[in-house]
Amino acid sequence: MKSNMFTETEHAQNPVASTAGESRIRQEIVFISSLISLSYSIKVFPVKWQSIRNKLEELLSSLSVIENCDSTENYPPLCSSLQAINATLKNCNELSKHCMEFSYSGKLLMQSDLDIISSKLDNHVRNISEIYSLGLLTQSYAIIVSRPSIGASRDDIKFYIRDLLSRLKIGSSEMKKQALIALNEVIQEDDRYVKVAIEVDSFVSRLVNFLDFQEDNLQEEAAKALSVIAGYQSYRSCLISTGIIAPLIRVLECGNGLSKEFAARCLQKLTENSDNVWSVSAHGGVTVLLKLCTEVDSVGELVGLVCGVLKNLVGVEEIKRFMIEEGAISVFVKLARSKDEVTQISSIDFLQSMASGDESTRQMIMKEGGIRALARVLDPKSSFSSKAREMALRGIVNLCFSSVNSVNILLNNGFMDHILYFLRHGDGSLQELALKAAFWLCGTSEEAKKAMGDAGFMPELVNFLDSKSFEVREMAAETLSSMVIVPRNQKRFVQSDQNIGLLLQMLDPEQANFGNKKLLLSILMSLTSCNSARKKIANSGYLKNIEKLAEAEVSDAKKLVRKLSSNRFRNILSGIWHS
């Protein structure tokens, strides 16, 4: 009966042959695994043994890759390489025993021997990679080492990442693809895999290299992985050190749709650090990004991400001026009219960033028709979403606040009617933005106040005075206080008996939740300039609320009582004089 032991003679005759159902490659894998486990028990020369352990893990991953190849038995270079690996492993095993038993003759000599072992392991990894890259070994199936279970140790995770790295180095295109897919699965679910991948030598640089691969799947999966890693602020410097900016820009210029999206997402995260902005510009990134926004097939998510990158870049004045010279304003005003919501919202947001604190840029946007484009989004008859309308309202307030000309353009394009409509019928956030727009518009001119009064804003503002939101109550009261300074608006306001009554009711000292009483008193004080308003205030059943506040030494309430009293006294004298 044949022995189950694999003899040295059999190794020499056929190093890859199967013995007891186990290949020579499998035996070397087992041998390496045993040495890795053993190395953790060694207490001396820890740095040297850590380096050796890392290289053993890399060699283990490389052998795992070729273990499933069909054409191994009769390939002499592989046989020779396995013999050399076995000799190195035996030598390593001997050194490990000496270190564990402290039986070495001298520290310097042992350190030298360990360095030699480390160098040999490097050579073995390189040789296996070269053998595989020749394409003479046929991969029977692309197998990936089983993913560690949830709660796996760091060593298990590290082994898995090293195995993926080996496949990325020496695997076929299909194996590389499967390895990248496996990597994306784990790094999106567990950040420990990201940390280990960053720490493993050459892993990130290998991913960056894939950005220049022509195969779409490889480029796409690599860009996806890098965009995930870029999401961790502490790892971004590592990506930058590998020279990632230029390859990302090349992907944006020549890659497929998804590859471009992942590259743009990665670049957006990296450019949050202003130090990286100039690098994008230096590699021609600004031109590439602007060009993407003019291409017919660039819509939606990609344009949104590109706008995010450009928004990070626009903070540098020189880069912003270059964008303007390249026609960025007309490009993004055009995109602001897009029917695609993501494109539209992103472009409006970017235009706001360009114009921030820059009157000349605001004027250029206005000249290119930007104000009209935003006003068009607000038309209730249009089919734009509430989100797009919210962004348009923000854009209008940010772009038009300092320009009389822009206000006139807005009014000529139905802006006042639009915001009144959304005050009445908009959902919560849109309604609040319409209120902010009304507050802003009211502050632009006396004519705007009159026009708003004529249009019917005041009853809507009164309705907001008892809102649950303190900010909404405050803004409505401020806007109303500004509007009733105008005599024509005072007369309009008091036409409704309910308006005066509601204001006085809200001044009840026991009602603490009704907003700023100072503003409410200011509105009433302005209204006392109108005869009919004074009469309604004086005859209201809620006048006692003002008197209570006056008794409580609220100065504005005392002023209001004095004004009402003096007017009443004058009316009495007038009656006597004419009797």
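What counts and how
Residues numbered from 1 in each chain as written. Predicted model: local features only at pLDDT ≥ 70, side-chain atom pairs only at ≥ 80, totals over all residues. Heavy atoms only, no water. Helix = DSSP H or I, 4+ residues; strand = E, 2+ residues; numbered from the N terminus. Buried < 20%, exposed > 50% of the residue type's maximum accessible area, 1.4 Å probe, protein only. Contact = heavy atoms within 4.5 Å. Salt bridge = Lys/Arg side-chain N within 4 Å of Asp/Glu carboxyl O. Axes fitted to C-alpha atoms, helices over the stretch in contact; angles between N-to-C directions. Parallel < 35°, antiparallel > 145°, perpendicular 65-115°, else oblique. Nonpolar A, V, L, I, M, F, W, Y, C, P; charged D, E, K, R; others polar. Core = buried A, V, L, I, M, F, W, Y, C linked by side-chain atoms within 4.5 Å. Phe/Tyr/Trp six-rings, centres within 6.5 Å; stacked < 30°, edge-to-face > 60°. Left-handed = near helix turned anticlockwise from the far one by under 90°. pLDDT = per-residue confidence, 0-100. Polar contact = N/O pair within 3.5 Å; in protein donor to acceptor, adjacent residues only side chain to side chain.

Asker: Explanation requested: the overall build of the protein chain in the structure shown.
Answerer: Assigned secondary structure in the protein chain consists of 34 helices and zero strands. Across the 579 residues of the protein chain, 51% fall into the buried class. Relative to all contacts within the protein chain whose residues are 6 or more apart in sequence, the contacts with residues 24 or more apart total 70%.

Asker: How do you make sense of the pattern of salt bridges when you look at a structure like this?
Answerer: For the coordinates displayed, the defined rule picks out 25 salt bridges. A salt bridge links R236 to E272; the nearest nitrogen and oxygen atoms lie 3.1 Å apart. Here the residue R236 occupies a position in helix α11 (residues 236-241), and E272 occupies one in the loop between α13 (257-270) and α14 (277-282), the gap between them amounting to 36 residues. Residue R236 is classed as buried on the basis of its relative accessible area, which comes to 12%. A network of salt bridges, in which partner residues are shared, links E57, E58, R162 and K169.

Asker: Help me understand unusual backbone geometry, please; the structure alone is not making it clear to me.
Answerer: When glycine is set aside, most residues are seen to have a negative phi, and most peptide bonds are trans. Although it is not a glycine, F45 adopts a positive phi angle of roughly 50°. You can see F45 is positioned in the loop between α2 (24-39) and α3 (46-66). Assessed through its relative accessible area of 12%, F45 is described here as buried. Within the chain, F102 stands out as a residue other than glycine whose phi angle is a positive 55°.

Asker: Even after reading the chapter, I still don't get the packing of helix α25 (residues 428-442) against helix α26 (residues 446-455), so can you show me in this structure?
Answerer: When two helices pack together, their arrangement is given by the angle between their axes and by how far apart the axes lie. It is the contact of α25 with α26, at a shortest axis distance of 8 Å, that shows an interaxial angle of 135°. Put simply, α25 runs oblique to α26. Judged by residue contacts, A438, L441 and C442 of α25 engage A448, K449 and M452 from α26. Among the residues making up the contact of α25 with α26, the classes are represented as five nonpolar, no polar and one charged.

Asker: Would you take a moment to explain helix α18 (residues 328-335) for this structure?
Answerer: Counting buried residues in α18 gives six out of eight residues, a clear majority hidden from the surface. When α18 is considered as a whole, its buried residues turn out to be A328, I329, V331, F332, V333 and L335. Its buried side turned inward, α18 meets α15 (285-292), α16 (301-313), α17 (317-325), α19 (341-355), α20 (359-367) and α21 (370-377).

Asker: Whenever I open this one, the nonpolar core confuses me. Can you help?
Answerer: Soluble globular proteins tend to bury their nonpolar side chains together. Within the largest apolar cluster, 151 residues are counted, with the highest numbers of intra-cluster contacts made by M323 and F332. A total of nine residues in this core trace back to one element, the largest contributor, which is α25. Excluding residues within four positions of it along the chain, F332 makes contact with L290, C293, C307, L310, S347, F350 and L351.

Asker: Looking at this structure, how should I read the packing of aromatic side chains?
Answerer: The description of an aromatic ring pair rests on the distance of the ring centres and on the angle between the ring planes. On inspection of all chains with the given rule, the structure shows seven aromatic pairs. Centroid distance Y160 to Y193: 6.2 Å. Interplanar angle 85°. Geometry classified as edge-to-face. Here the residue Y160 occupies a position in helix α6 (residues 154-170), and Y193 occupies one in helix α8 (residues 191-199), the gap between them amounting to 33 residues. For the residue pair Y160 and Y193, the accessibility class agrees, reading buried in each case.

Asker: Help me understand the packing of α19 against helix α22 (residues 386-400) in this model?
Answerer: Packing of α19 against α22 leaves a shortest axis separation of 10 Å and a crossing angle of 15°. As far as their axial angle goes, α22 and α19 are roughly parallel. The chirality of how α19 crosses α22 is left-handed. Where α19 abuts α22, its residues E341, Q344, I345, I348, D349, L351, Q352 and A355 lie against K387, A388, M391, A392, R394, G395, N398 and L399. For the contact of α19 with α22, the residue count by class is eight nonpolar, four polar and four charged.

Asker: When you look at the confidence of the model for the protein chain in this model, what are you seeing that I'm missing?
Answerer: Do not read the fine detail of predicted coordinates wherever pLDDT is low. Mean pLDDT for the protein chain: 84, with 87% of residues reaching 70 or above. When the criterion is pLDDT under 50, residues 1-21 qualifies, and its contacts beyond four places in sequence or with other chains add up to 29 contacts. Predicted confidence is poor over residues 569-579, with pLDDT under 50, and the contacts of this stretch with residues over four places away or in other chains come to zero contacts.

Asker: Just to check I follow, could you spell out α15 for this structure?
Answerer: Working note: α-helix, 3.6 residues per turn, so residues spaced by three or four point in the same direction. With six of eight residues buried, α15 is to be regarded as a mostly interior element. Those residues of α15 that fall on the buried side of the exposure criterion are G285, V286, V288, L289, L290 and L292. Taken together, the buried residues of α15 touch α12 (245-254), α13, α14, α16, α17 and α18.

Asker: Whenever I open this one, the side chain of S338 confuses me. Can you help?
Answerer: Tracing the chain through its elements places S338 in the loop between α18 and α19. A relative accessible area of 18% means that S338 is categorised as buried. For S338, the side chain forms a polar contact with the main-chain nitrogen of D340, separated by 3.0 Å. Apart from the residues within four sequence positions on either side, S338 is in contact with T343, Q344 and F384.

Asker: Hey, could you run me through the environment of N54 in this one?
Answerer: Along the chain, the position of N54 falls in helix α3. Considering only alpha carbons, one finds N54 and D201, 147 residues apart in sequence, at a separation of 9.5 Å. Separated by 2.8 Å, the side chains of N54 and K158 make a polar contact.

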